[in-house]
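Chain and residue survey
In case you want the letters, here they are:
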Amino acid sequence: MPGFLKEYYKRNGTMMGSVMLGLVLFWTVGLIILPQLSMLDFSFRPNLPPPEIGGPKDIYTLENYKYLIFGPEGGGQDYNAVDLAVFYRTLVAAIFVTLFNLLLCYPIAYYLGQNKGNHIRIFALMLIIPYWINEILRAFALRIIFGETGVLNTLLVGTGIFDTPFDFIRNDIALYAGLGYAYILLMIFPIYNVIESLDHNQIEAARDLGAPWWRIHWRVVIPYAKPGISSGCTMVFMLSAGALAAPQILGGPSSLWFTQLIYQQFNDNSDWPQGAAYAIVLLVTCILLVLAVMRLFKVNMGDIGK
Amino acid sequence: MSAGVGVDLENLWIRFGDFVAVRDANVNIKGGDFFSFLGPSGCGKTTILRAVSGFLEPSEGNVLIGGNNMKGIGPNKRPTALIFQNLALFPLMKVWENITFSMEIAGASARDRRKRADELLDMIALSGQGDKLPSELSGGQRQRVAIARALCAEPDVLLLDEPLSALDLKLRQHMRTELREIQKRVGITFIYITHDQGEALTMSDDIAVMRAGVIDQIGDGKAIYNDPATAFAASFVGENNVFRGKVSKLSGNEALISTNRSGDLLARISTANHGKLKVGDDAMMFIRPEALSLATSGSTGDNFVTAKVTHEEFEGNTFNIFTEGDGGKEIKVSIPNLGQSFDDHTGQPITLEYEASNAVVVPAGELANE
Ligand SMILES: Nc1ncnc2c1ncn2[C@@H]1O[C@H](COP(=O)(O)OP(=O)(O)OP(=O)(O)O)[C@@H](O)[C@H]1O
Ligand SMILES: [Mg+2]
C-alpha cells in the first residue's frame, strides 16, 4: 500500500476510510468518468436499431465526426456549412460573453474586495438573491424585459428614442444578456476572493510612486488577481458554450446554439452516436481553447483552484 | 549638497467624524533634517504622515512642502515617498522591478532602469540580488529594498512609518545606523515615525513628542530628554522618577516643591514653562534614575530625599535601588557599576542626593502609561 494511503487509513480508521474512499471513487469514476467514456464509445459507432446492436454492423467508425465536417453523404455540399457555422458562432459568442462578463465583473469584484463594512455584505447578498430563482424563470423574466412588447421596448418607443420596437431577441441581445447575467457570480467571486487578500498598502504604494489608477490596476491588481480571473473566465466560458436553457428561451429563431444541435440529435433524431460525437467535439475544443489561453497568459493549472 | 526641501504643518486639524485625531499641529521641519514624530500607539502619527503624503486631506490647516501648499495635490503628484509599516513591496515583481517602479511609470527604458537598479542595489549592499523576488529575501534585506524603491523616485521628502518595528532588536539597532547614514548621503529630508524613544533619540536631528493628537514638544534629543516641556514628555522619553507637590517658593528659574513624603525639594523649571508657574500651583518634579546618588554624609536639605528601600537589582552596568516614593510610584536609583563593593540596603531607609540642575519641574499633568 502506498504511504499516503496508509496514512489516510490510520487517520480515518479502516471502516470510515473505506466508506469515504468508496464514495469519492463512485463519484469521480462511476458518475463522471464511466458515463463520459461510454459517450466516447457511442460517438464512434453507427446509429443502429436495437436488434442490430452488437451485430456485424456494430463496428467502430469515424462516420459521426465526418458528418459534422462534410455533411450527409451525397448531400451535394463540400462541407456541413450550417452546423459548422453554428459551432463557430457558439464559440465566438461564448468568448464574447466571457470577455463582456470580465469587463463588467472586475470593477465590481475590486470594489467589493477592497472595501469593508456592512454595505459590502448587503451588496454581496443582493448579488446572490437572484440565484434563488431557477434558471428557466430567470430566462423568461428576461423575455418580459426584452420582448417586442416588453418593458424595454415600451420605454424606448414611449420616450421616442425608437420609432418602432427593436427586436432584441432576433438580434441576440437578449441571449447575451441572459448568459452574462446567469454567470455573473461565477466571475465575481473568484476575482473578489483574490482581491480581498491584496494588501491595500500595495495600491497606495503604487500611487505614492506616481502611478495613475489604470497603471495600478495593470501592474499591481490584475497580475495579483490573475488566478481568480482565469478561474472565473474558465467557468463562464465553459458554461456559456454548454448552456442550453438560455439559448432555447432567449435565442432568436435563426440563431441556433451548438448545444441545441446536440440536443436535437439526442432527442428529436434519437441519434445518440451523432449527438455524442457533437458533444465531444464541443468539449474537446473548449478544453483546448482554455488550455491555449492559459498558456498564453502564463497561468498554471495549480493557480486556478485558488 | 542642496539645503533640501522643508515641510511645514500650519494649524493642522484632522478629524474622523467627531473624533479629533490631530489637534492644531504646527511644525516646521528644516530641509535635509532627520525629523521624528514620537508618541504612543494611536496618538495620530500615521495620520499626520498620511496628510503629508497626500492620502488624507486635512480637515483644517495646511501642509507645505518646500513652501508650496499641497492642498488638492494627490499622493502621486507630491515630491514625497512613503515607506509603509509593512513595506508593501510588490510580491510578483522582481527586486529590481520593485526598486525602479517609479521609473517604469515615468516611461524610462528597461536599460536605464536596470542600470539605476544596480546602482541602488550597490548602495543598499544587495548587489546581484536584483532578479530575486521579495519573498526570497530576509526581513532586513526587504527593508532595504523598500528604502531603495522609495529613493529611486528621487523624492524631496522621505516618509517612514515605523519601518523597523517588524525587525528583531539586533537588526533594528543595525538599521538605525544604516538609515541615518543613507539620510546623510542622499541629503533629503526624512520624516520618521516611531513609538520607540531610543530610535528617535539616536537618529533624529529634531523630535516632536505627540500625545493623543497633540504635539507636546518639539526639540532636539537633548532638549527633549533634559528639558521636557510637559509631564507627558518627561515620563514618555526615557526612565524618570516623578515627585508630585505644590510650588511653595519661586526664585528666578528655580522652584521649591513641597511634597508630602519627601518634604521640600529644589529643582529647575523647564525652559518651556519659564514664567508660567505660580506659588501654590500643582507641579511635578522629575529626576532621572542616573541623576540620584547615595548621600555621603547623612545631611538633609532641599536636594535630599529619604526613603525606605523596597528592593535592589544588579543590571550589569548599574546597580538599581528601588525605594518607596511619592504618589505610590517607586523611585528608581541607578548607580554605575565601577567595580565598587555594594551593600544590601533592602528594608532600610536611605538618603538620596541630587543636583538641583538635574531635577526639572513642569506643571502637573498626564503621565505616559498611567
Ligand atoms: N480612517 C479612520 N477613521 C476613524 N478613525 C481613525 C482612522 N484612522 C485613524 N483613526 C484613529 O485616529 C487615531 C490615530 O491613529 P493613527 O493611525 O494615526 O495612530 P498612530 O499614532 O499611527 O498609532 P500606531 O503607533 O499604533 O500606528 C486612532 O485613535 C485611530 O483609531
Ligand atoms: Mg501608525
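This text goes with the structure placed above it.
As the structure is a prediction and not an experimental result, all values here were calculated from the model.

**Some details on the packing of aromatic side chains**
All names here are of chain A. Within this structure, the stated rule accounts for 21 aromatic pairs over all chains. Arranged with centres 5.3 Å apart and planes meeting at 15°, the rings of F258 and Y278 form a pair that is stacked. Taken as a pair, F258 in helix α12 (residues 258-268) and Y278 in helix α13 (residues 272-296) lie far apart in primary sequence, 20 residues in all. Among the residues examined, Y278 registers a relative accessible area of 1% and is labelled buried. Judged by centre distance (5.1 Å) and plane angle (85°), the ring pair of F266 and W272 falls under edge-to-face.

**Some points on the packing of helix α4 (residues 110-123) of chain B against helix α5 (residues 139-152) of chain B**
Residue and element names in this part refer to chain B. At a minimum axis separation of 10 Å, α4 and α5 run at an interaxial angle of 135°. In terms of axis orientation, α4 runs oblique to α5. As for the relative orientation of α4 and α5, their crossing is right-handed in sense. In contact with R116, L120 and M123 of α4, α5 contributes A148, L151 and C152.

**Considering the interface of chain B and chain A**
Counting from both sides, the interface comprises 23 residues of chain B and, opposite them, 17 residues of chain A. Of the roughly 1900 Å² buried between chain B and chain A on both sides combined, carbon and sulfur atoms contribute 58%. For chain B, the biggest contributors to the area lost against chain A are F55(B), N76(B) and I105(B); these three give 27% of the whole. The tally of links between chain B and chain A comes to three salt bridges. A salt bridge links E97(B) to R219(A), with the shortest nitrogen-to-oxygen separation between them at 3.8 Å. At the boundary of chain B with chain A, the tally comes to eight residue pairs in polar contact (both at pLDDT 80 or more). Elements that contribute at least two residues to the side of chain B that touches chain A include exactly α1 (45-53), β6 (80-83) and α3 (101-106) of chain B.

**Section: the site of ligand 1**
All names here are of chain B. Inspection of the region around ligand 1 gives F16, F19, A21, S41, G42, C43, G44, K45, T46, T47 and E162 as its neighbouring residues. Contact between ligand 1 and C43: an oxygen atom at 3.2 Å from a main-chain N or O atom of the residue. Between ligand 1 and T47 there is a distance of 2.5 Å, counted from an oxygen atom to a side-chain nitrogen or oxygen. Coverage of ligand 1 by the protein amounts to 58% of the 640 Å² it exposes when considered alone. Secondary structure elements with two or more residues in the shell around ligand 1: β2 (19-29) and α1. The element contributing the most residues to the shell around ligand 1 is α1, with three residues. Its residues placed into classes, the shell around ligand 1 shows four nonpolar, five polar and two charged.

**A look at the environment of R244(B)**
The topology assignment puts R244(B) in strand β11 (residues 241-251). In this structure the C-alpha to C-alpha distance between R244(B) and K170(B), which are 74 residues apart in sequence, comes to 38 Å.

**Digging into the side chain of E204(A)**
Among the secondary structure elements, E204(A) is positioned in helix α9 (residues 200-208). Look at E204(A) and you get buried, because its relative accessible area is 8%. Looking at E204(A), its side chain comes within polar contact range of the side chain of R50(B), at 2.9 Å. When neighbours within four sequence positions are excluded, E204(A) is seen to be in contact with R50(B), F55(B) and F84(B).

**Some details on helix α8 (residues 173-196) of chain A**
For α8(A), built from 24 residues, the straight-helix expectation of 34 Å at 1.5 Å per residue is met to within 8% by its first-to-last C-alpha distance of 33 Å. Taken as a whole, α8(A) carries its principal kink of about 45° at Y183(A).

**A short note on the layout of surface pockets**
Residues and elements named next belong to chain A. Its volume calculated, the largest pocket comes out at about 1100 Å³. At ten residues, helix α10 (residues 213-241) tops the list of elements feeding residues into the lining of the largest pocket. Residues that form the lining of the largest pocket fall into these classes: 21 nonpolar, three polar and three charged. Counted as a void, the second largest pocket has a volume near 480 Å³. Taken together, 18 residues line the second largest pocket, and the ones lying closest to its centre are G242, T259, I262, A279 and L282. For the lining of the second largest pocket, the secondary-structure elements that each account for two or more residues are α2 (14-43), α10, α12 and α13. Element by element, the count of residues in the lining of the second largest pocket is highest for α13, at six residues.

About the cut-offs
Residues numbered from 1 in each chain as written. Chains lettered and ligands numbered in written order. Predicted model: local features only at pLDDT ≥ 70, side-chain atom pairs only at ≥ 80, totals over all residues. Heavy atoms only, no water. Phe/Tyr/Trp six-rings, centres within 6.5 Å; stacked < 30°, edge-to-face > 60°. Helix = DSSP H or I, 4+ residues; strand = E, 2+ residues; numbered from the N terminus. Buried < 20%, exposed > 50% of the residue type's maximum accessible area, 1.4 Å probe, protein only. Axes fitted to C-alpha atoms, helices over the stretch in contact; angles between N-to-C directions. Parallel < 35°, antiparallel > 145°, perpendicular 65-115°, else oblique. Left-handed = near helix turned anticlockwise from the far one by under 90°. Contact = heavy atoms within 4.5 Å. Buried area = accessible area lost by both parts, 1.4 Å probe. Salt bridge = Lys/Arg side-chain N within 4 Å of Asp/Glu carboxyl O. Polar contact = N/O pair within 3.5 Å; in protein donor to acceptor, adjacent residues only side chain to side chain. Near = heavy atom within 4 Å. Areas by Shrake-Rupley, 256 points an atom, 1.4 Å probe, with all protein chains shown as cover. Nonpolar A, V, L, I, M, F, W, Y, C, P; charged D, E, K, R; others polar. Expected span 1.5 Å × (residues − 1). Bend = angle between axes of the 7 residues up to and from the residue. 1 Å grid on protein atoms, 1.4 Å probe; cavity = no way out; pocket = protein on both sides within 12 Å on 5 of 7 lines; lining within 4 Å. Points joined across faces, edges and corners; volume = space filled by probe spheres on them.

So yeah, pure geometry; function would need other evidence.
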